[in-house]
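# Structure assessment
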Amino acid sequence: MSINRLLELHDLAKQESRKYDRKRFLFPILMRDTGKHFTGIVGARGTGKTVLLRQYALEHDDAFYLSADTLDQDDDAWGLIRKLNQHYKFRRFLLDEVHFLPDPTALLKRLYDFIDVRIMFSSSVALAMQASAHDLSRRVRLMNLHGFSFREYLAFTQGISLPALELEQIAEGQWEPDHLRAGRFFDDYLQGGILPFSLEEPEPFDFLESILEKVITRDIPSVVRLVVDELEAIRRLLRFVGRSAVDGINYSSLSRNLGITKYKAEQYVDCLEKAFLLHQVFPAGTNVLREPKVLMTPPNRLLYRDFEDAKGGLREDYFVEAMKQAGIRFQYLKSTRGAKTPDYLIEDAPTKLAVEIGGPSKGRQQFKGVQIDRKIVFRHSPAPEKGRLPLFLLGYLT
(Lines give C-alpha, C1' and ligand atoms only; values in the text may rest on other atoms or scores of the structure.)
Protein backbone atom coordinates (compact mmCIF):
# COMPACT_ATOMS: atom_id res chain seq x y z
CA MET A 1 0.00 0.00 0.00
CA SER A 2 1.33 3.46 -0.87
CA ILE A 3 2.27 6.02 1.77
CA ASN A 4 -0.30 8.44 0.32
CA ARG A 5 -3.05 5.86 0.76
CA LEU A 6 -1.96 5.24 4.36
CA LEU A 7 -2.01 8.99 5.05
CA GLU A 8 -5.49 9.19 3.57
CA LEU A 9 -6.75 6.36 5.81
CA HIS A 10 -5.10 7.99 8.82
CA ASP A 11 -6.93 11.28 8.12
CA LEU A 12 -10.24 9.46 7.67
CA ALA A 13 -9.74 7.65 11.00
CA LYS A 14 -9.13 10.94 12.82
CA GLN A 15 -12.16 12.48 11.14
CA GLU A 16 -14.28 9.50 12.21
CA SER A 17 -13.16 9.91 15.83
CA ARG A 18 -14.69 13.40 15.95
CA LYS A 19 -18.13 11.74 16.06
CA TYR A 20 -17.34 10.47 19.57
CA ASP A 21 -17.11 13.30 22.06
CA ARG A 22 -17.25 11.00 25.11
CA LYS A 23 -14.28 8.89 26.08
CA ARG A 24 -13.89 5.60 27.94
CA PHE A 25 -12.46 5.85 31.45
CA LEU A 26 -9.25 4.23 30.16
CA PHE A 27 -8.53 7.21 27.88
CA PRO A 28 -6.99 9.59 30.48
CA ILE A 29 -4.86 6.71 31.74
CA LEU A 30 -3.51 6.23 28.21
CA MET A 31 -2.87 9.96 27.92
CA ARG A 32 -0.77 9.88 31.09
CA ASP A 33 1.09 6.72 30.08
CA THR A 34 4.72 7.62 29.41
CA GLY A 35 8.04 5.85 29.23
CA LYS A 36 9.93 3.69 26.78
CA HIS A 37 7.55 0.71 26.97
CA PHE A 38 4.95 -0.01 24.30
CA THR A 39 1.30 -0.16 25.40
CA GLY A 40 -1.13 -2.88 24.36
CA ILE A 41 -4.90 -2.61 24.78
CA VAL A 42 -6.66 -5.96 24.82
CA GLY A 43 -10.38 -6.44 25.10
CA ALA A 44 -13.39 -8.11 23.59
CA ARG A 45 -14.62 -7.10 20.18
CA GLY A 46 -16.92 -4.10 20.47
CA THR A 47 -15.48 -2.58 23.64
CA GLY A 48 -14.17 0.50 21.83
CA LYS A 49 -10.45 -0.16 21.25
CA THR A 50 -10.51 1.33 17.75
CA VAL A 51 -12.31 4.48 18.91
CA LEU A 52 -9.79 4.90 21.75
CA LEU A 53 -6.82 4.75 19.37
CA ARG A 54 -8.42 7.18 16.93
CA GLN A 55 -9.27 9.60 19.73
CA TYR A 56 -5.66 9.38 20.88
CA ALA A 57 -4.48 10.17 17.34
CA LEU A 58 -6.69 13.26 17.32
CA GLU A 59 -4.94 14.55 20.45
CA HIS A 60 -1.38 14.08 19.13
CA ASP A 61 -0.06 15.60 15.88
CA ASP A 62 2.85 13.16 15.86
CA ALA A 63 0.58 10.07 16.18
CA PHE A 64 -0.26 7.87 13.19
CA TYR A 65 -3.23 5.48 13.17
CA LEU A 66 -2.80 2.26 11.21
CA SER A 67 -5.32 -0.58 11.11
CA ALA A 68 -3.40 -3.82 10.54
CA ASP A 69 -6.29 -5.48 8.74
CA THR A 70 -6.16 -2.86 5.95
CA LEU A 71 -2.63 -3.82 4.93
CA ASP A 72 -2.07 -6.09 1.96
CA GLN A 73 -0.38 -9.45 2.48
CA ASP A 74 2.84 -8.29 0.85
CA ASP A 75 3.02 -4.98 2.75
CA ASP A 76 6.09 -4.53 4.93
CA ALA A 77 4.81 -2.97 8.18
CA TRP A 78 8.37 -2.39 9.40
CA GLY A 79 9.34 -0.52 6.24
CA LEU A 80 6.15 1.57 6.22
CA ILE A 81 6.56 2.63 9.84
CA ARG A 82 10.24 3.47 9.30
CA LYS A 83 9.39 5.71 6.33
CA LEU A 84 6.57 7.45 8.19
CA ASN A 85 8.94 8.08 11.07
CA GLN A 86 11.98 9.22 9.07
CA HIS A 87 10.29 11.32 6.38
CA TYR A 88 7.00 12.42 7.94
CA LYS A 89 8.21 12.68 11.56
CA PHE A 90 5.49 10.57 13.16
CA ARG A 91 6.77 9.32 16.53
CA ARG A 92 3.69 7.54 17.90
CA PHE A 93 2.16 4.67 16.00
CA LEU A 94 -1.27 3.32 16.85
CA LEU A 95 -1.52 -0.21 15.46
CA ASP A 96 -5.12 -1.42 15.54
CA GLU A 97 -5.86 -5.18 15.67
CA VAL A 98 -2.16 -5.93 15.52
CA HIS A 99 -2.74 -9.70 15.51
CA PHE A 100 -3.63 -9.43 11.81
CA LEU A 101 0.07 -8.84 11.09
CA PRO A 102 2.07 -11.97 10.15
CA ASP A 103 4.36 -11.89 13.22
CA PRO A 104 3.38 -9.01 15.53
CA THR A 105 5.76 -10.05 18.32
CA ALA A 106 8.80 -9.92 16.03
CA LEU A 107 7.68 -6.56 14.60
CA LEU A 108 7.18 -4.99 18.04
CA LYS A 109 10.53 -6.27 19.27
CA ARG A 110 12.31 -4.91 16.19
CA LEU A 111 10.61 -1.51 16.47
CA TYR A 112 11.48 -1.27 20.15
CA ASP A 113 15.12 -2.14 19.60
CA PHE A 114 15.90 -0.14 16.47
CA ILE A 115 13.58 2.88 16.03
CA ASP A 116 12.91 5.68 18.53
CA VAL A 117 9.10 5.50 18.43
CA ARG A 118 6.25 4.87 20.84
CA ILE A 119 3.82 2.11 19.91
CA MET A 120 0.28 1.67 21.16
CA PHE A 121 -1.50 -1.37 19.79
CA SER A 122 -4.83 -3.10 20.22
CA SER A 123 -6.03 -6.66 19.87
CA SER A 124 -9.22 -8.59 20.49
CA VAL A 125 -7.18 -11.78 20.69
CA ALA A 126 -5.79 -11.72 24.21
CA LEU A 127 -4.56 -15.30 23.75
CA ALA A 128 -1.96 -14.06 21.30
CA MET A 129 -1.13 -10.77 22.98
CA GLN A 130 -0.57 -12.21 26.45
CA ALA A 131 1.97 -14.59 24.96
CA SER A 132 3.54 -11.68 23.08
CA ALA A 133 3.79 -9.60 26.26
CA HIS A 134 5.62 -12.46 27.93
CA ASP A 135 8.04 -12.78 25.02
CA LEU A 136 8.56 -9.01 24.87
CA SER A 137 9.31 -8.82 28.60
CA ARG A 138 9.87 -5.23 29.75
CA ARG A 139 9.05 -3.80 26.31
CA VAL A 140 5.24 -4.07 26.57
CA ARG A 141 2.62 -3.10 29.15
CA LEU A 142 -0.82 -4.63 28.56
CA MET A 143 -4.05 -2.91 29.63
CA ASN A 144 -7.46 -4.58 29.59
CA LEU A 145 -10.44 -2.76 28.15
CA HIS A 146 -13.55 -4.34 29.67
CA GLY A 147 -17.17 -3.56 29.01
CA PHE A 148 -18.69 -0.62 30.87
CA SER A 149 -18.57 -0.62 34.64
CA PHE A 150 -21.94 0.45 36.06
CA ARG A 151 -20.41 3.84 36.89
CA GLU A 152 -19.15 4.28 33.32
CA TYR A 153 -22.49 3.14 31.91
CA LEU A 154 -24.25 5.86 33.93
CA ALA A 155 -21.85 8.50 32.59
CA PHE A 156 -22.37 7.44 28.96
CA THR A 157 -26.12 6.80 28.96
CA GLN A 158 -27.55 9.07 31.65
CA GLY A 159 -24.97 11.82 31.93
CA ILE A 160 -24.62 10.94 35.62
CA SER A 161 -21.10 11.54 36.92
CA LEU A 162 -20.39 9.86 40.24
CA PRO A 163 -17.12 9.43 42.16
CA ALA A 164 -15.58 5.99 42.31
CA LEU A 165 -15.80 4.10 45.62
CA GLU A 166 -13.23 1.94 47.35
CA LEU A 167 -14.33 -1.49 48.54
CA GLU A 168 -13.81 -0.34 52.14
CA GLN A 169 -16.11 2.65 51.54
CA ILE A 170 -18.83 0.34 50.24
CA ALA A 171 -18.44 -2.02 53.19
CA GLU A 172 -18.64 0.92 55.62
CA GLY A 173 -21.61 2.60 53.91
CA GLN A 174 -19.59 5.64 52.85
CA TRP A 175 -21.41 6.49 49.64
CA GLU A 176 -23.48 9.46 48.50
CA PRO A 177 -27.29 9.40 48.12
CA ASP A 178 -26.82 9.76 44.35
CA HIS A 179 -24.96 6.43 44.27
CA LEU A 180 -28.13 4.76 45.56
CA ARG A 181 -30.54 6.80 43.43
CA ALA A 182 -28.77 5.71 40.24
CA GLY A 183 -29.38 2.06 41.16
CA ARG A 184 -32.71 2.28 39.32
CA PHE A 185 -30.75 1.82 36.07
CA PHE A 186 -29.02 -1.37 37.18
CA ASP A 187 -31.35 -3.87 35.48
CA ASP A 188 -30.99 -2.01 32.17
CA TYR A 189 -27.24 -2.24 32.60
CA LEU A 190 -27.37 -5.99 33.28
CA GLN A 191 -29.61 -6.56 30.25
CA GLY A 192 -27.00 -5.38 27.75
CA GLY A 193 -25.97 -1.92 28.89
CA ILE A 194 -22.58 -3.25 29.89
CA LEU A 195 -21.81 -3.59 26.15
CA PRO A 196 -20.36 -0.33 24.79
CA PHE A 197 -21.66 -1.10 21.30
CA SER A 198 -25.23 -1.17 22.70
CA LEU A 199 -25.12 2.64 22.47
CA GLU A 200 -25.30 2.36 18.67
CA GLU A 201 -26.64 -1.13 17.96
CA PRO A 202 -30.47 -1.40 18.06
CA GLU A 203 -30.17 -5.20 18.50
CA PRO A 204 -27.04 -5.60 20.66
CA PHE A 205 -27.57 -9.32 21.30
CA ASP A 206 -27.60 -10.06 17.58
CA PHE A 207 -24.28 -8.25 17.39
CA LEU A 208 -23.01 -10.10 20.47
CA GLU A 209 -23.93 -13.42 18.90
CA SER A 210 -21.98 -12.46 15.79
CA ILE A 211 -18.98 -11.55 17.95
CA LEU A 212 -19.15 -14.91 19.73
CA GLU A 213 -19.12 -16.75 16.40
CA LYS A 214 -16.10 -14.75 15.17
CA VAL A 215 -14.24 -15.56 18.38
CA ILE A 216 -14.91 -19.28 17.93
CA THR A 217 -14.26 -19.52 14.19
CA ARG A 218 -11.46 -16.93 13.76
CA ASP A 219 -9.80 -15.79 16.98
CA ILE A 220 -9.32 -19.04 18.87
CA PRO A 221 -8.17 -21.09 15.83
CA SER A 222 -5.65 -18.34 14.97
CA VAL A 223 -3.83 -19.03 18.23
CA VAL A 224 -4.68 -22.60 19.29
CA ARG A 225 -4.37 -25.59 16.97
CA LEU A 226 -7.82 -27.22 16.86
CA VAL A 227 -9.64 -29.61 14.55
CA VAL A 228 -13.00 -28.59 13.08
CA ASP A 229 -15.00 -30.86 15.43
CA GLU A 230 -13.53 -29.05 18.43
CA LEU A 231 -15.15 -25.77 17.41
CA GLU A 232 -18.56 -27.38 17.84
CA ALA A 233 -17.44 -28.74 21.22
CA ILE A 234 -16.58 -25.17 22.26
CA ARG A 235 -20.02 -23.98 21.17
CA ARG A 236 -21.64 -26.78 23.20
CA LEU A 237 -19.52 -25.87 26.22
CA LEU A 238 -20.68 -22.26 26.07
CA ARG A 239 -24.33 -23.33 25.71
CA PHE A 240 -23.99 -25.69 28.67
CA VAL A 241 -22.50 -23.01 30.92
CA GLY A 242 -25.06 -20.45 29.75
CA ARG A 243 -28.04 -22.72 30.43
CA SER A 244 -26.83 -24.16 33.75
CA ALA A 245 -26.95 -22.89 37.31
CA VAL A 246 -23.62 -21.41 38.37
CA ASP A 247 -22.85 -23.84 41.19
CA GLY A 248 -20.94 -26.96 40.24
CA ILE A 249 -19.70 -25.81 36.84
CA ASN A 250 -16.03 -26.81 36.65
CA TYR A 251 -13.71 -28.92 34.50
CA SER A 252 -15.09 -32.19 35.88
CA SER A 253 -18.75 -31.35 35.32
CA LEU A 254 -18.03 -30.00 31.84
CA SER A 255 -16.10 -33.16 30.98
CA ARG A 256 -18.86 -35.39 32.31
CA ASN A 257 -21.75 -33.58 30.62
CA LEU A 258 -20.10 -32.83 27.28
CA GLY A 259 -18.28 -36.12 26.78
CA ILE A 260 -14.82 -34.56 26.54
CA THR A 261 -11.70 -35.15 28.59
CA LYS A 262 -11.02 -32.98 31.62
CA TYR A 263 -7.84 -31.81 29.88
CA LYS A 264 -9.89 -30.59 26.90
CA ALA A 265 -12.42 -28.91 29.19
CA GLU A 266 -9.58 -27.01 30.87
CA GLN A 267 -8.05 -26.04 27.51
CA TYR A 268 -11.37 -24.77 26.11
CA VAL A 269 -12.25 -22.81 29.25
CA ASP A 270 -8.81 -21.19 29.29
CA CYS A 271 -9.19 -20.14 25.64
CA LEU A 272 -12.67 -18.76 26.23
CA GLU A 273 -11.53 -16.80 29.28
CA LYS A 274 -8.73 -15.20 27.27
CA ALA A 275 -11.29 -14.41 24.58
CA PHE A 276 -13.39 -12.55 27.22
CA LEU A 277 -16.34 -14.96 27.14
CA LEU A 278 -15.81 -16.88 30.41
CA HIS A 279 -14.35 -16.27 33.87
CA GLN A 280 -12.60 -18.76 36.12
CA VAL A 281 -12.57 -18.30 39.90
CA PHE A 282 -10.33 -20.59 41.93
CA PRO A 283 -11.25 -21.87 45.39
CA ALA A 284 -9.84 -20.59 48.68
CA GLY A 285 -7.75 -22.82 50.92
CA THR A 286 -5.09 -25.43 50.27
CA ASN A 287 -6.89 -28.69 51.02
CA VAL A 288 -9.47 -28.46 48.25
CA LEU A 289 -9.53 -29.73 44.69
CA ARG A 290 -7.98 -26.95 42.63
CA GLU A 291 -10.70 -26.77 40.00
CA PRO A 292 -12.13 -23.33 39.30
CA LYS A 293 -15.74 -22.27 39.29
CA VAL A 294 -16.63 -21.33 35.71
CA LEU A 295 -18.87 -18.31 35.05
CA MET A 296 -19.71 -16.18 32.03
CA THR A 297 -18.67 -12.65 31.20
CA PRO A 298 -21.86 -10.58 31.49
CA PRO A 299 -24.20 -10.36 29.69
CA ASN A 300 -23.28 -13.47 27.63
CA ARG A 301 -25.60 -15.66 29.71
CA LEU A 302 -28.53 -13.80 28.14
CA LEU A 303 -27.71 -15.38 24.78
CA TYR A 304 -29.00 -18.67 26.24
CA ARG A 305 -31.73 -17.70 28.75
CA ASP A 306 -34.08 -14.78 29.26
CA PHE A 307 -33.36 -12.20 31.95
CA GLU A 308 -35.76 -13.46 34.62
CA ASP A 309 -34.51 -17.02 34.23
CA ALA A 310 -30.84 -16.01 34.13
CA LYS A 311 -30.86 -13.52 37.02
CA GLY A 312 -29.23 -15.81 39.57
CA GLY A 313 -26.24 -16.61 37.38
CA LEU A 314 -26.05 -13.09 35.98
CA ARG A 315 -25.62 -11.65 39.49
CA GLU A 316 -22.56 -13.78 40.09
CA ASP A 317 -21.23 -13.07 36.60
CA TYR A 318 -21.52 -9.37 37.42
CA PHE A 319 -19.81 -9.73 40.81
CA VAL A 320 -16.86 -11.54 39.24
CA GLU A 321 -16.60 -8.99 36.41
CA ALA A 322 -16.71 -6.07 38.89
CA MET A 323 -13.94 -7.61 41.01
CA LYS A 324 -11.73 -8.30 38.00
CA GLN A 325 -12.27 -4.82 36.54
CA ALA A 326 -11.22 -3.34 39.89
CA GLY A 327 -8.20 -5.66 40.18
CA ILE A 328 -9.41 -7.05 43.50
CA ARG A 329 -8.18 -10.53 44.42
CA PHE A 330 -10.91 -12.93 45.46
CA GLN A 331 -11.69 -16.65 45.58
CA TYR A 332 -14.77 -18.75 45.87
CA LEU A 333 -15.46 -20.66 49.07
CA LYS A 334 -15.86 -24.36 48.42
CA SER A 335 -18.41 -25.92 50.79
CA THR A 336 -18.29 -29.35 52.33
CA ARG A 337 -21.17 -31.67 51.52
CA GLY A 338 -24.44 -30.40 53.02
CA ALA A 339 -22.86 -27.30 54.59
CA LYS A 340 -23.94 -23.72 53.90
CA THR A 341 -21.02 -21.53 52.90
CA PRO A 342 -20.85 -17.95 51.57
CA ASP A 343 -19.99 -17.57 47.90
CA TYR A 344 -16.68 -15.68 47.87
CA LEU A 345 -13.73 -14.57 49.97
CA ILE A 346 -12.09 -11.18 49.36
CA GLU A 347 -8.65 -10.82 50.87
CA ASP A 348 -7.65 -7.40 49.48
CA ALA A 349 -9.65 -5.55 52.15
CA PRO A 350 -7.94 -4.54 55.43
CA THR A 351 -9.66 -7.58 56.94
CA LYS A 352 -10.90 -10.69 55.18
CA LEU A 353 -14.38 -10.26 53.77
CA ALA A 354 -16.83 -13.10 53.13
CA VAL A 355 -19.43 -12.28 50.48
CA GLU A 356 -22.76 -13.84 49.60
CA ILE A 357 -24.48 -12.89 46.31
CA GLY A 358 -28.23 -13.19 45.93
CA GLY A 359 -31.67 -11.87 45.17
CA PRO A 360 -33.83 -9.47 47.22
CA SER A 361 -34.70 -12.12 49.84
CA LYS A 362 -31.14 -13.32 50.43
CA GLY A 363 -30.21 -13.35 54.11
CA ARG A 364 -27.19 -14.13 56.28
CA GLN A 365 -27.91 -17.81 56.95
CA GLN A 366 -24.95 -18.83 54.75
CA PHE A 367 -22.54 -17.35 57.30
CA LYS A 368 -23.41 -19.60 60.25
CA GLY A 369 -20.22 -21.12 61.61
CA VAL A 370 -17.95 -19.19 59.20
CA GLN A 371 -14.96 -17.77 61.09
CA ILE A 372 -14.24 -14.63 59.06
CA ASP A 373 -14.00 -11.10 60.45
CA ARG A 374 -16.51 -9.41 58.15
CA LYS A 375 -19.49 -10.74 56.25
CA ILE A 376 -21.67 -8.97 53.68
CA VAL A 377 -24.62 -10.03 51.59
CA PHE A 378 -24.80 -8.22 48.25
CA ARG A 379 -28.43 -8.42 47.16
CA HIS A 380 -30.19 -7.54 43.95
CA SER A 381 -32.14 -4.81 45.74
CA PRO A 382 -32.42 -1.01 45.60
CA ALA A 383 -31.53 -0.11 49.20
CA PRO A 384 -29.22 -1.30 51.99
CA GLU A 385 -30.30 -3.04 55.17
CA LYS A 386 -28.22 -4.19 58.12
CA GLY A 387 -25.41 -6.35 56.70
CA ARG A 388 -27.10 -6.41 53.30
CA LEU A 389 -25.98 -4.07 50.54
CA PRO A 390 -27.25 -3.43 47.00
CA LEU A 391 -25.27 -5.42 44.47
CA PHE A 392 -24.99 -2.49 42.07
CA LEU A 393 -22.69 -0.61 44.50
CA LEU A 394 -19.83 -2.82 43.29
CA GLY A 395 -20.19 -1.12 39.89
CA TYR A 396 -18.70 2.05 41.40
CA LEU A 397 -15.31 0.44 42.07
CA THR A 398 -14.00 1.54 38.65
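For the structure itself, consult the block above.
Just so it is clear, the structure is predicted and the values come from calculations on it, not from any experiment. (Residues numbered from 1 in each chain as written. Predicted model: local features only at pLDDT ≥ 70, side-chain atom pairs only at ≥ 80, totals over all residues. Heavy atoms only, no water.)

Okay, the nonpolar core next. Taken as a class, soluble globular proteins show a tendency for nonpolar side chains to be buried jointly. Phe150, Phe319, Tyr344 and Leu394 are the most contacted members of the largest nonpolar core, which totals 76 residues. Ranked by size, the runner-up nonpolar core spans 28 residues in total, among them Leu7, Phe90, Leu101 and Leu107. (Core = buried A, V, L, I, M, F, W, Y, C linked by side-chain atoms within 4.5 Å. Buried < 20%, exposed > 50% of the residue type's maximum accessible area, 1.4 Å probe, protein only.)

Quick look at the packing of aromatic side chains now. Here the structure, examined in full by the defined rule, presents 19 aromatic pairs. Ring geometry for phenylalanine 319 and phenylalanine 330: centres 5.7 Å apart, planes at 85°, overall edge-to-face. Of this pair, phenylalanine 319 sits in helix H15 (residues 307–326) while phenylalanine 330 is found in strand E8 (residues 330–332), placing the two residues 11 residues apart along the sequence. A relative accessible area of 13% means that phenylalanine 330 is categorised as buried. Chaining the aromatic ring pairs together yields one cluster made of Phe150, Tyr153, Phe186, Tyr189, Tyr318, Phe392 and Tyr396. The lysine or arginine in question, lysine 23, covers the ring of phenylalanine 27, its NZ or CZ lying 5.4 Å from the ring centre. A cation sits over an aromatic face here: arginine 110 above tryptophan 78, 3.9 Å from the ring centre. (Phe/Tyr/Trp six-rings, centres within 6.5 Å; stacked < 30°, edge-to-face > 60°. Helix = DSSP H or I, 4+ residues; strand = E, 2+ residues; numbered from the N terminus. Lys NZ or Arg CZ within 6 Å of the ring centre and 35° of its normal.)

The next thing to look at is the sheet that holds strand E4 (residues 118–123). With parallel pairing, the 5 strands of this open sheet are ordered in space as E2-E3-E4-E1-E5. Every other strand in the sheet has two partners, leaving strand E2 (63–67) and strand E5 (140–144) as the edge strands with one partner each. Sheet twist, expressed as the average angle between the axes of neighbouring strands with direction ignored, equals 20°. Relative to E5, strand E1 (residues 38–42) runs parallel, the two sharing 5 bridges. Each residue of the ladder has a partner; that of phenylalanine 38, found in E5, is valine 140. (Pairing = 2+ DSSP bridges. Axes fitted to C-alpha atoms, helices over the stretch in contact; angles between N-to-C directions.)

Strand order in the open sheet formed by 5 strands is E8-E9-E10-E11-E12, and the pairing between neighbours is mixed. What marks the edges here is a single partner per strand, and that holds for E8 and strand E12 (388–390). Within the sheet, the average angular offset between the axes of one strand and its neighbour, ignoring direction, is 30°. In this structure, strand E11 (residues 374–379) lies alongside E12, joined through 3 bridges in parallel fashion. Residue valine 377 lies in a different strand from E12, and its bridge partner there is arginine 388.

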